[in-house]
Amino acid sequence: MSSWKKHVSEHKSINIANELNELPEDLRYRTEDRLHIAFHREKHTHISKIELFFMLIGPGILVMIADNDAGGVITYAQTGSIFGIGFFIPFMILMLPVAYFVQEMTVRLGAVTHRGHAEMIWKRYGKFWGSFSLGDLVIANFLTLITEFIGITVGMSIFGVPRILSAIVFVILVILIQLFLRYYTWERISLFIAAFNLVFVPLLFFLPHPPVADFINSFATWKIAGGVSSLFIYVLLANLGTTIAPWMLFFQQSSVVDKGLTKEDIKFGQRDTLIGSTVMVIVAIAIIILTGSTVFGYDSNGTLGIDNILKIFAAKVGTFPLELFALGLVEAGFIAAIAISASTSWAMSEAFGWKKSINLPAREGVLFYVPSFLALAIAASVTLIPNAPLGYLNLTVQVIATIFMPAAMLFLLLLLNDRGVMGDMVNKRWQNIIGFSIIGFLILMNALYGLSVALPTVFNHLVGML
Amino acid sequence: MSVEKKEKTIENGSEFREFMVSQGLEDYSKIPVEKVKFSPRIKIAFWFLRVYIVIMVLLVIIGFSHVI
């Protein structure tokens, strides 16, 4: 047993104040976190094991719930409104193992390399692919942030808060959280905010006629209302895009690195990711059921933007459920704005070799914080532009995420198969088969989308409702 | 400092460094990462990726222009 471990296992105090004080501030916070974890790991009591579990989980749950972002909530709401309770219920359940499998790889990569995704691509595959991946991420993150502020401002408007006020307040809140909380507290506060994502599940009890039979039948029939059309392909891609997206890979890997997880912690990271994937899918299905049983089939004069969906939803279930839905929408936008801006900060800093950690104090992390804060402010401003096609923009963002996902997945799989990087933690054969099958499925879906754009008459219906 | 107190502390810098290394708490920006040499298979995959991206970006622009 190594000498430091012996001290820890014998519950002896570690007087390392001097050593800690010599460390840079960001590393000092992480070292203190790791010391707590080391003590809990060596205690071997039931309580310490439970405490250790709760200390080590976080990035997986956070990334998955942040993925049920305002854009995601709007997409699921539009999905239920357009296609009802059918194909997309079993489809979302299929997405659970897909999301878990993809994100689990980032846990291993981060814990083994102690480097973020952007840094690994940049350094291992060169500047061209590094800049491509970073550019793709930054643009997609910016567009996604716009959808978060669409959700926040629409949700807050239900409570009578003017859009401009809610946009400003939430930009400031996100900036304060990033700037003044250190990683462990930042993660705990973010998880607390993320917990409100579950508000969509109890909302099901407010439905006047719970669609239990439709829900069960959906697994037997996989019914697609209106058949396979351009719109169906588009919405399918949007649902894929909101379940697995490039920013999630970057976010979780950087988060694992900033938290300081090691090879020893991988199994905790895997459980964390599994819990997160399960919660994500449960919430997604709840939202599809909510609008699928209230808004689906309703004459909406050809528009199914979130404003219109909420109006119809309120008419069917009443004001209180509408307010809960709006609260969920605001929370979804808020938590995702936190996660996505962190993802931009991490990725840019990793690529350009800047200091990179949520543990960085403001004075040392100007380059780390400022780009994502600018993106936040601009994205919030865009949502205030009158008559911007926000409903369509939302689905387009998800579609773009799906289009770039095969590229992001390819780099992930290359890295996970790189013995020079992963050592004996490389992907196993079955993991590669699943990984490349997911890439193949994404490319097939994108090809179908391409076909529906280039030859729209191939399908029965055109994209016109959005 | 008493003998007992000495036993209960980690004052040795090497022990602390050992802890830091075991917990991945090094400054990784100072450890270089070697650029990978592209095998023919990876080169083909990357060319496929370039073509795929160009086609998909064009299709998204066409799709979006239909709506605008």
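Model, not experiment: these values are computed from the prediction.

Focus: the overall build of chain B
Summing up its helical and strand segments, chain B has three helices and zero strands in all. When the helices and strands of chain B are listed from N to C terminus, the series reads α-α-α. Counting over 68 residues, chain B shows a buried share of 29%. By element, 63% of the accessible surface of chain B is carried by carbon and sulfur atoms, the whole surface being about 4,800 Å².

Regarding the side chain of T262 of chain A
In this structure, T262 of chain A sits in the loop between α13 (246–259) and α14 (266–292). A relative accessible area of 5% means that T262 of chain A is categorised as buried. If we ignore the near neighbours within four places in the chain, the residues touching T262 of chain A are R34, A111 and H114 of chain A together with S22, Q23 and G24 of chain B.

A few points about unusual backbone geometry
Residue and element names in this part refer to chain A. Backbone geometry at H114 places phi at a positive 55 degrees, although glycine is not the residue there. For H114, the position within the fold is in the loop between α7 (88–113) and α8 (117–158). When its relative accessible area of 13% is taken as the criterion, H114 is described as buried. The phi dihedral of W222 falls on the positive side, at around 50 degrees, and the residue is not glycine.

Structural notes on the environment of W122 of chain A
Residues and elements named next belong to chain A. Position of W122 relative to the elements: it lies in helix α8. Judged by relative accessible area, W122 falls into the buried class, the value being 16%. C-alpha separation for the pair W122 and F352, spaced 230 residues apart in sequence, amounts to 9.1 Å. Those residues within four positions of W122 in sequence are excluded, and the remaining contacts are K127, G130, S131, L134, A351 and F352.

A closer look at a nonpolar patch on the surface
All names here are of chain A. Taken together, the side chains of I164, L165, I168, V169, I172, L173, L176, F180 and L384 make up a nonpolar region of the molecular surface, amounting to roughly 780 Å² of accessible area. Considering the arrangement of structural elements, one finds L165 in helix α9 (residues 163–180). A residue is classified by how much of its surface remains accessible, and L165, at 45% relative accessible area, is partly exposed.

Things to note about the nonpolar core
Residue and element names in this part refer to chain A. Among the nonpolar cores identified, the biggest contains 169 residues, and W186, F200, W247 and F325 are the most heavily contacted of them. Both domain 1 (1–56) and domain 2 (62–458) contribute no fewer than three residues apiece to this core. Setting aside chain neighbours within four positions, we find F325 in contact with V73, A77, F200, L203, I287, L290, L310 and F313.

Quick look at the packing of α13 of chain A against helix α16 (residues 319–352) of chain A
Residue and element names in this part refer to chain A. Between α13 and α16, whose axes approach to 9 Å, the crossing angle comes to 75 degrees. With respect to each other, α13 and α16 are oriented roughly perpendicular. Between α13, through W247, F250, F251, S254, S255 and D258, and α16, the contact on the second element is made entirely by A339, I340, A342, S343, W346, A347 and E350. Taken together, the residues that form the contact of α13 with α16 break down as eight nonpolar, three polar and two charged.

Examining the environment of F180 of chain A
Residues and elements named next belong to chain A. By the element assignment, F180 lies in helix α9. Take F180: its relative accessible area is 57%, and that puts it in the exposed class. In this structure the C-alpha to C-alpha distance between F180 and N359, which are 179 residues apart in sequence, comes to 8.9 Å.

So, the packing of aromatic side chains
Evaluation of the coordinates by the stated rule reveals 35 aromatic pairs over all chains. Consider the rings of F83 of chain A and F88 of chain A, whose centres lie 5.5 Å apart with planes at 50 degrees: the pair is tilted. The pair formed by F83 of chain A and F88 of chain A is uniform in burial state, with each residue classed as buried. Note on Y125 of chain A and F46 of chain B: the rings are 6.0 Å apart at their centroids and 85 degrees apart in plane angle, and the pair reads as edge-to-face. Of this pair, Y125 of chain A sits in helix α8 while F46 of chain B sits in helix α3 (residues 40–67), placing the two residues on different chains. Neither residue differs from the other here; Y125 of chain A and F46 of chain B are each classed as buried. Pairwise contacts between aromatic rings join Y125, F128, W129, F132, F404 and F411 of chain A together with F38 and F46 of chain B into one cluster.

Some thoughts on the confidence of the model for chain B
Per-chain confidence: chain B averages 76 in pLDDT, with 75% of residues scoring 70 or above. Predicted confidence is poor over residues 1–9 of chain B, with pLDDT under 50, and the contacts of this stretch with residues over four places away or in other chains come to 11 contacts.

Describing the side chain of S255 of chain A
On the secondary structure map, S255 of chain A appears in helix α13. Not counting residues within four places of it along the chain, the set of residues in contact with S255 of chain A comprises P59, Y183 and W346 of chain A.

A few points about the pattern of salt bridges
All names here are of chain A. Summed over the entire model, instances satisfying the criterion amount to 15 salt bridges over all chains. Among the salt bridges present, the one from R41 reaches D265, with a minimum N-O distance of 2.2 Å. A residue pair is termed long-range when its members are at least 10 positions apart, and R41 in helix α3 (residues 25–43) and D265 in the loop between α13 and α14 qualify at 224 residues. The buried category is assigned to D265, whose relative accessible area is 0%. The shortest N-O distance in the salt bridge between R188 and E187 comes to 2.4 Å. A relative accessible area of 0% means that E187 is categorised as buried.

Comments concerning the packing of α3 of chain A against helix α4 (residues 46–56) of chain A
Residues and elements named next belong to chain A. Running from amino to carboxyl end, α3 crosses α4 at an angle of 150 degrees, the nearest separation of the two axes being 8 Å. By the angle class used here, α3 and α4 are roughly antiparallel. Of the two elements, α3 crosses α4, and the hand of that crossing is left-handed. Of the residues in α4, those touching α3 at R34, H36, I37, H40, R41 and K43 are S48, E51, L52, M55 and L56.

Analysis parameters
- Residues numbered from 1 in each chain as written.
- Chains lettered and ligands numbered in written order.
- Predicted model: local features only at pLDDT ≥ 70, side-chain atom pairs only at ≥ 80, totals over all residues.
- Heavy atoms only, no water.
- Helix = DSSP H or I, 4+ residues; strand = E, 2+ residues; numbered from the N terminus.
- Buried < 20%, exposed > 50% of the residue type's maximum accessible area, 1.4 Å probe, protein only.
- Areas by Shrake-Rupley, 256 points an atom, 1.4 Å probe, with all protein chains shown as cover.
- Contact = heavy atoms within 4.5 Å.
- Patch = residues over 30% accessible without salt bridge, like charges linked within 9 Å, V, L, I, M, F, W, Y side chains within 5 Å.
- Salt bridge = Lys/Arg side-chain N within 4 Å of Asp/Glu carboxyl O.
- Core = buried A, V, L, I, M, F, W, Y, C linked by side-chain atoms within 4.5 Å.
- Domains from an automatic or database assignment.
- Axes fitted to C-alpha atoms, helices over the stretch in contact; angles between N-to-C directions.
- Parallel < 35°, antiparallel > 145°, perpendicular 65-115°, else oblique.
- Nonpolar A, V, L, I, M, F, W, Y, C, P; charged D, E, K, R; others polar.
- Phe/Tyr/Trp six-rings, centres within 6.5 Å; stacked < 30°, edge-to-face > 60°.
- pLDDT = per-residue confidence, 0-100.
- Left-handed = near helix turned anticlockwise from the far one by under 90°.

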